[in-house]
Amino acid sequence: MCIRDSQSHRAVINTLLSLTGSCLATYVFTVLKNTKFEIEHILKATIAGGVIMAANADLCMYPYSAILVGCWGGFISVLLFTFLHEKIKHIDTFGVTHLFLVPGFWGICISAIYVGGYTDSKLPIQPLTVEQIMPLGRTANAQAGTQIAIMGISFGFALLGGLISGLITKI
């Protein structure tokens with residue numbers, strides 16, 4: 001949501017920082033859990049940093065925010081893989097729940113909270129104003145509400161698509 005010329009650069013930087021944070025967090029939490037590295041945690045939780053940053057990629061945020069978002073994604077993925085994977089292994093054979101669903105949900109929530117807190121004095125790039133970075137002239141709170149509403153719509157389509165796919169495979 002930055003000025004359009006720098007939007008793609010900001011997305012690359014934020015995603016790279018988030019992937020770095022998730023990778024570091026994955027190594028730390030995996031070692032804390034097992035005292036050794038588990039390659040499956042590292043493979044999946046590192047990607048979770050990119051997934052959680054997908055909704056936040058072009059936001060005007062401080063670098064430490066992107067790293068913390070990635071750390072949260074890595075932590076959630078390791079935690080869910082550790083405690084949830086054995087319980088739902090027969091339903092979720094590829095780990096989509098802890099790799100995409102939960103980090104994606106948290107990414108949208110973090111994005112809405114971050115955008116909802118935008119004020120002219122809190123923007124990391126000065127002299128930008130909230131009016132310059134909000135699409136369609138929305139306020140920060142209206143944009144946050146729009147993002148939460150779109151999350152609900154997306155989850156609705158995902159549930160409907162999953163239901164239809166499940167019914168087709170039973171035929």
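Further up the page is the structure itself.
Throughout what follows, the structure given in this document is the object of discussion. Sequence positions are assigned chain by chain, starting from 1 and proceeding in written order. In view of the model being predicted, local features appear only for residues whose pLDDT reaches at least 70, and side-chain atom pairs are presented and counted only at 80 or more, with totals across whole chains, interfaces and linings using the full set of residues. Side-chain numbers come from the whole structure's heavy atoms, not from hydrogens or water.

Focus: the overall build of the protein
Rules: Strands are runs of DSSP state E lasting at least two residues, helices are runs of H or I lasting at least four, and both sets are numbered from the N terminus onward. In this scheme, a residue with accessible area under 20% of its type's maximum is buried, one over 50% is exposed, and one in between is partly exposed, where area comes from a 1.4 Å probe on protein chains only. It only takes one pair of heavy atoms within 4.5 Å for two residues to be counted as in contact.
In terms of helices and strands, the protein carries seven helices and zero strands. In the protein, the order of α-helices and β-strands from amino to carboxyl end is α-α-α-α-α-α-α. Taking all 171 residues of the protein together, the buried fraction comes to 37%. At a minimum sequence separation of 6, the contacts of the protein that also span at least 24 residues come to 71%.

Points about the packing of helix α5 (residues 96-116) against helix α7 (residues 140-170)
Here is the rule: Lines are fitted to the C-alpha atoms to define the axes, a helix being fitted only along its stretch in contact, and any angle between axes, read from their N-to-C directions, falls within 0 to 180 degrees. Roughly parallel means an angle under 35 degrees; roughly antiparallel, over 145; roughly perpendicular, 65 to 115; everything else is oblique. For any helix crossing, the convention is left-handed if the near helix is rotated counterclockwise from the far helix by under a right angle, and right-handed if that rotation is clockwise.
At a closest axis distance of 7 Å, the pairing of α5 and α7 adopts a crossing angle of 165°. Regarding the angle of α5 to α7, the classification is roughly antiparallel. The two elements α5 and α7 cross, and the hand of that crossing is left-handed. Residues Leu101, Phe105, Ile108, Cys109, Ser111, Ala112, Val115 and Gly116 of α5 pack against Ala140, Asn141, Gln143, Ala144, Gln147, Ile148, Met151 and Phe155 of α7.

Re the pattern of salt bridges
Any two side chains of opposite charge can pair if their charged atoms end up close together. Filter applied, for reference: When a carboxyl oxygen of Asp or Glu is within 4 Å of a side-chain nitrogen of Lys or Arg, the pair counts as a salt bridge.
All chains considered together, the criterion is met by one salt bridge. Across the pair Glu40 and Lys44 runs a salt bridge whose closest N-O atoms are separated by 3.4 Å. Pair noted here: Glu40 and Lys44 are both in helix α2 (residues 39-53), with a separation of four residues, about one helical turn.

A short note on the nonpolar core
Here is the rule we go by: Buried Ala, Val, Leu, Ile, Met, Phe, Trp, Tyr and Cys residues that are joined via side-chain atoms within 4.5 Å together make up what is termed a nonpolar core.
Ranked by size, the top nonpolar core spans 12 residues in total: Ile52, Met53, Leu59, Cys60, Met61, Ala66, Val69, Ile110, Val115, Tyr118, Met134 and Ala140. Residue assignment for this core shows that the elements contributing at least two residues are α2, α3 (63-83) and α5.

As for the packing of aromatic side chains
As a reminder, the rule being used: Side-chain rings of Phe, Tyr and Trp (the six-membered ring for Trp) are treated as a pair once their centres are within 6.5 Å; stacked means planes under 30 degrees apart, edge-to-face means over 60, and tilted covers the remaining angles.
Using the criterion set out here, one finds seven aromatic pairs in the structure. Considering the side-chain rings of Tyr62 and Tyr64, the 5.7 Å spacing of their centres and the 15° angle between planes classify their relative orientation as stacked. The exposure class assigned to Tyr64 is exposed, which follows from its relative accessible area of 53%. Grouping aromatic residues by their ring pairs yields a cluster made of Phe29, Trp72, Phe75, Phe105, Trp106 and Phe155.

Focus on the environment of Phe81
Structurally, the position occupied by Phe81 is in helix α3. Its relative accessible area of 10% is what places Phe81 among the buried residues. Phe81 sits 14 residues away from Gly95 along the chain, and the two C-alpha atoms are 7.6 Å apart. When near neighbours in sequence (up to four residues on either side) are disregarded, Phe81 contacts Glu40, His41, Lys44 and His98.

Things to note about α2
Quick note on the threshold: The span expected for a helix works out to 1.5 Å for each residue beyond the first.
Over its 15 residues, α2 runs 22 Å from end to end, which matches the ideal 21 Å to within 8%, given 1.5 Å per residue. Along α2, the residues classified as buried are His41, Ile42, Lys44, Ala45, Thr46, Ala48, Gly49, Val51, Ile52 and Met53.

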